[in-house]
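Architecture at a glance
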Amino acid sequence: MGPRSGSGFFVSRAAALLLAGLAAALLLALAVLAALYGRCARGAPSELGRCGVPDAGKPNATPEPEAVTATPDARRPSGPWDGLRLPPGLVPLHYELELWPRLRPDELNPPALRFSGRVNITVRCAQATARLLLHSLLLGCDGAEVRGPLSPLDKVWLAEDTQYLVLELGEALQPGSLYELQLSFSGPVYQDAREGLFVNLYTDQGERRALIASQMEPTFARNVFPCFDEPALKATFNITIIHHPSYVALSNMPKLGQSEKDVNGSKWTVTTFHTTPRMPTYLATFVICDYGHVSRTERGKEIRIWARKDAIANGNADFALNISGPIFSFLEDLFNISYPLPKTDIIALPTFDSRAMENWGLIIFDESLLLLKPDDELTEQKTVISQIVSHEIGHQWFGNLVTMSWWNNIWLNEGFATHFEFEVINYFNPKLPGNEVFFSNVLHDVLRKDHSMVPRAVSMKVENFTEINELFDIFTYNKGASLVRMLSSFLNENLFISALKSYLRSFSFSNAKQDDLWRHFQMAIDDQSKIVLPATVKSIMDSWTYQSGFPVITLNVSTGLMKQEPFHLGKVKNQTLLTHNDTWIVPILWMKNGATQSLVWLDKSSKLFPDMQVSNSDHDWVILNLNMTGYYRVNYDKLGWEKLIQQLENDHKAIPVVHRMQMIDDAFSLSQNNYIEIETALDLTKYLAEEDEIIVWHTVLVNLLPSNFVSDVGNYYDTYTLLKKYLLKRLTSIWNHYSTIIRENVAALRDDYLALISLNELIGSVCFLGLEDCLQLSREFFKNWMDNPENEIPNPIKTEILCYGIALGSDKEWDFLLNIYANSTNEEERIQLASAMSCSKDPRILIRYMEYAITTNSFNFKETNIIEFVAAVDVGRYIAKDFLVNNWQAVIERYGMQSLDTLMDLIGRTITTDAQVMELQQFFSPMLEEHQRPAAHAKLQAIKNKNLENKNRNARIAAWLQKNT
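What you see is a predicted model, and the numbers here were worked out from it, not measured in a lab.

Looking only at helices and strands, the protein has 27 helices and 31 strands in total. Burial status across the protein gives 59% buried among its 965 residues. Within the protein, contacts between residues at least 6 apart in sequence are counted, and of these 73% link residues at least 24 apart. For the protein, the accessible surface area stands at approximately 37,700 Å², while carbon and sulfur atoms represent 50% of it.

Right, let's talk about the packing of aromatic side chains for a bit. For any pair of aromatic rings, the description rests on two quantities: the centre-to-centre distance and the angle between the ring planes. On inspection of all chains with the given rule, the structure shows 41 aromatic pairs. Aromatic side chains F398 and F416 sit 5.0 Å apart centroid to centroid with 10° between the ring planes, which places their arrangement in the stacked category. Highlighted residues: F398 in the loop between α4 (381–394) and β21 (402–404) and F416 in helix α5 (residues 411–428), separated in sequence by 18 residues. The same class applies to F398 and to F416, which are both buried. Both rings, one in W814 and one in Y849, keep their centres 5.2 Å apart while their planes meet at 80°; by these two values the pair is edge-to-face. Note that W814 is positioned in helix α20 (residues 811–823) and Y849 in helix α22 (residues 843–855), a separation of 35 residues in sequence. Joined through ring pairs, the aromatic side chains of F328, F335, Y339, W397, F398, W411, F416, F420, F496, W518 and F521 make up one cluster. Directly above the aromatic system of W406 lies the positively charged group of R85, at a separation of 3.7 Å from the ring centroid. Against the face of Y821 rests R830, its NZ or CZ located 4.2 Å from the ring centre.

Formed by 316 residues in total, the largest nonpolar core has its most connected members in F225, F286, W397, I588 and L624. In terms of residue count, helix α16 (residues 716–744) provides more of this core than any other element does, 12 residues in total. Excluding anything up to four places from it in sequence, L624 contacts I553, L555, M562, I588, L589, W590, M612, V634, Y636 and Q662. Residues W100, I242, V263 and V270 belong to the second largest nonpolar core, which totals five residues.

A word on the pattern of salt bridges. Within the structure shown, the criterion is met by 46 salt bridges. E298 is paired through a salt bridge with R296; the nearest N and O atoms lie 2.8 Å apart. Taking the relative accessible area as the measure of exposure, R296 reaches 25% and is therefore partly exposed. Residues joined in a network through salt bridges with shared partners are D204, E207, R209, D290 and K309.

This part covers the state of the cysteines. A full pass over the atoms with the stated rule returns two disulfides. Through a disulfide, C767 is tied to C774; the S-S separation comes to 2.0 Å. In this structure, the disulfide formed by C767 and C774 twists by about -95° around the S-S bond and is classed as left-handed. Look at C767 and you get buried, because its relative accessible area is 3%. Residue classification places C774 among the buried positions, given a relative accessible area of 0%.

Moving on: the sheet that holds strand β29 (residues 606–608). Taken in spatial order, the four strands line up as β29-β24-β23-β31 in an open sheet, and their pairing is mixed. A single partner strand is all that each edge strand has here, and the edge strands are β29 and β31 (633–636). Strand-to-strand twist of the sheet, defined as the mean angle between neighbouring strand axes without regard to direction, takes the value 20°. Sheet contacts for helix α13 (residues 657–672): β23 (551–556) and β31; angle to β31, the most-contacted strand, approximately 80°.

Below, the discussion takes up the UniProt feature "binding site: Zn(2+)" (unreviewed entry) in the protein. UniProt feature "binding site: Zn(2+)" (unreviewed entry): in the numbering of this structure it lies at H391, H395 and E414. The greatest C-alpha distance among the residues just named is 8.4 Å, despite their covering 24 residues of sequence, which places them together in space. One can find H391 in helix α4. Once residues lying within four places of it in the same chain are set aside, the contact partners of H391 are M1, E414, A417, T418, E421 and Y477.

How two helices pack is summed up by the angle between their axes together with the distance between the axes. Put simply, α13 and helix α27 (residues 933–964) touch, their axes get as near as 12 Å, and they point 120° apart. In terms of orientation, α13 lies oblique with respect to α27. In this structure, α13 contributes F668, S671 and Q672 to the contact, and α27 contributes K946, N950 and R953. Taken together, the residues that form the contact of α13 with α27 break down as one nonpolar, three polar and two charged.

Another point: the environment of S925. Examined against the element boundaries, S925 turns out to sit in the loop between α26 (914–924) and α27. Along the primary structure S925 and A936 are separated by 11 residues, whereas in three dimensions their C-alpha atoms are 8.6 Å apart.

A large share of strand β3 (residues 114–125) lies buried, amounting to nine of its 12 residues. Two strands pair when backbone bridges link them, and strand β2 (residues 90–101) and β3 are joined in this way by 11 bridges, in the antiparallel orientation. By the bridge assignment, W100 is partnered in β3 with S116.

The next point concerns α22. With 13 residues, α22 extends 18 Å from end C-alpha to end C-alpha; this agrees with the ideal 18 Å at 1.5 Å per step. Taken as a whole, α22 has its buried residues at I845, L846, Y849, M850, A853 and I854. What you see down the axis of α22 is that its buried residues fit within an arc of 160°, all on one side. Taken together, the buried residues of α22 touch α20, α21 (827–837), α23 (866–871) and α24 (874–895). Its side-chain oxygen 2.9 Å from the backbone nitrogen of R844, D842 forms the N-cap of α22.

For the rest of this paragraph, the subject is the side chain of R102. Assignment of secondary structure puts R102 in the loop between β2 and β3. Within the buried core, R102 has no salt-bridge partner, and the shortest N-O distance to an opposite charge, that of E98, equals 7.8 Å. Only 2.7 Å separates the side chain of R102 from the side chain of S116, close enough to count as a polar contact.

Calculation rules
- Residues numbered from 1 in each chain as written.
- Predicted model: local features only at pLDDT ≥ 70, side-chain atom pairs only at ≥ 80, totals over all residues.
- Heavy atoms only, no water.
- Helix = DSSP H or I, 4+ residues; strand = E, 2+ residues; numbered from the N terminus.
- Buried < 20%, exposed > 50% of the residue type's maximum accessible area, 1.4 Å probe, protein only.
- Contact = heavy atoms within 4.5 Å.
- Areas by Shrake-Rupley, 256 points an atom, 1.4 Å probe, with all protein chains shown as cover.
- Phe/Tyr/Trp six-rings, centres within 6.5 Å; stacked < 30°, edge-to-face > 60°.
- Lys NZ or Arg CZ within 6 Å of the ring centre and 35° of its normal.
- Core = buried A, V, L, I, M, F, W, Y, C linked by side-chain atoms within 4.5 Å.
- Salt bridge = Lys/Arg side-chain N within 4 Å of Asp/Glu carboxyl O.
- Disulfide = S-S within 2.5 Å.
- Pairing = 2+ DSSP bridges.
- Axes fitted to C-alpha atoms, helices over the stretch in contact; angles between N-to-C directions.
- UniProt positions renumbered as here; feature names shortened; annotations may be inferred.
- Parallel < 35°, antiparallel > 145°, perpendicular 65-115°, else oblique.
- Nonpolar A, V, L, I, M, F, W, Y, C, P; charged D, E, K, R; others polar.
- Expected span 1.5 Å × (residues − 1).
- Arc of directions from axis to C-beta.
- Polar contact = N/O pair within 3.5 Å; in protein donor to acceptor, adjacent residues only side chain to side chain.
- Lys, Arg positive; Asp, Glu negative; His and termini not counted.

In structure tokens, the structure reads:
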């Protein structure tokens, strides 16, 4: 599942309504106290303990005031409801869950779409307790009852800030006994949020339609039904969904039965489903839709892909259908564990903020990540879909079959699923260069964001619900996968898979911590003698999972001395900064003169490796971190870098592609942060006229693009002129090759994934450098598309062609793009178009664009911040600043206060003096609250200091370019 933002809280309706009727309700409850097993807060218990629920014959009836009180912190005593974790008194065994969303095809978007439901939860009492806590958030509790020996219910109330429903009993439950909690409830179906139960509005077959779907991970099951919403509290589920007969209902398991009920002349369908295996609440899932599907059988189990009927008819689901079965079979064979459910439904939602969710038996995707037009050959989308489908299917073992015990170990789910998505892709596409793809898609981004001062280890404690949601980030996914890949690299593949098989078998349908995983790897190590580790698997891996950041490994090739230190942003020159109590235990795979060497370990701050010394020979060189399987950056002494630079100039092909990428990326990152001189990084680019691998050029260009390398301060234009001359001379060969293919036979690139993900960067850079042939190519493709929309711009170059088509055009081109935007329903395409419209060089158009953005509803504030887009381009920065003077209140109302933080970065890119800081501080001051102004001043000072660093860096770059151009 993709990263998401946290959820919010608000006070229940009951707090406002309860006062008037509380006395009467309590008197009524007391009158029948002796006769009941449990207590309903109002009225006598009826079927399934429902008390005071809306009339079943009136599906849209307004519920009576709930009898559950929301107790503020100041009014309630301290107790178990104050903690993040549930107390250990109850263990859920089984849920009987019924949900009834009131969605009708003739009432697609009511002002307040709601659902009601009932749940019976069978629990075992593990510790004597008279206080029962379940999770419940934003639900009205319409009735509650506890059935079992000696279980009178005295009081029911909500602790909203900690999201608990509290049932207080007259007597303690007995350890070892079984009880049934019976609850009836109601709640909202969300329209803007994508958590709990939510609605999607969309167009299909020319009609406006709606569907309802669910998103429970990590802590949103409690938004749908009262439950024990922690991953270790697994239970089985019997699910019933009541829905309009024109819709189909889907859930984790196959349909068990279907019946019809008449409610005041309205027909409703009741669909029941088979019992699930034991699973956590976050995997329970529901969809109600009017969709079509395609299906196939894989090893006797049905796989269905569900999507809009238009998409099914056009064959857009066929690619996903054809790859899903073989992926299941590959992972079954790899782990020797069969997929335990009898079916898999995979559904494409028009909009799904979480991107994809691995629900057992019903996997949910955003349709942009699952559907593919049959004739869309020229796109990296095939690989993207393959990766994400592989990721979610991988979760069927890592996450669903074996679930982490608590959210601090969510990386066990996401890290392994991410790792195996690439294993699957490499298996089915053996020609795909796996190391280069992993670096480009995973490692590159996380190394840029990770450093020693980031307060984020892969495994870390969480103190509240917001922190749980924030765990779904680049560190859990990308860093987690990188550590799994590193673990696999210092073991052999057979040992790695053998340990995982043992782990998965031992914890099937249960939960595990990372120590459980390390124990099974240690068992595999202890059962053989070939691989010897310098410490236990736990000691090695804990040094990576419990520490933030990563090490820089520096090798002195003259002496063979290797050392490690934490990677810091802006390291102080000639100073080793140590903030960690321990070092990492680092596996060093390496090569010498192109030959792979034996694994060594750096398990202390420094260590001598005589075999790594090099001679004076022109062909003697060493590269550390073979295939970039280690999660660290590599530095060398002056001689080590000189040897590699010399080898690149003599015969760059002797150094594998992934290591040409690695050296350039490491060198520029290290120079940016004062580990090496910028001149060393630049020296690595001298050979580039001979470089014919576009993925290496991609790495070069992301490091040499203005936003990464050339600052907008000081001698920017001098540097730009020199850089243009230096790079275009070296880009000629690679540009001529790919521009010819683009013009003559772009379809020839359909199987070249590395080219497909690199072409936008190539075109954007070459056009930025002002090569007329690139600008002309942009004009040609944009004009052909305007003249005939069937002449679609090829997807791999579309972003930059759109941008330069607008930059080189006039009102005519801009209005054409605005019209396309207004009629597009694809969120990804809308973002691409909105960004391109900000590329105009005409101040008049940009002002019109920003006015349009804050005065119309065409621009979804969630998908695009137009002011930020405009401020990000050179000419737009000043225009956006002037626009804010008179429109800042409208901008904040549209995009929120957080947009000012980004705009401060963008507008402040040129400041280098205290006077400029004061000028911008005065500019932003009216937009900020008093308490926000000191932080804004500090931020502007930090921007100024960074710009001064860039100014000095630019001077050195310009001097180097002057010398080498």
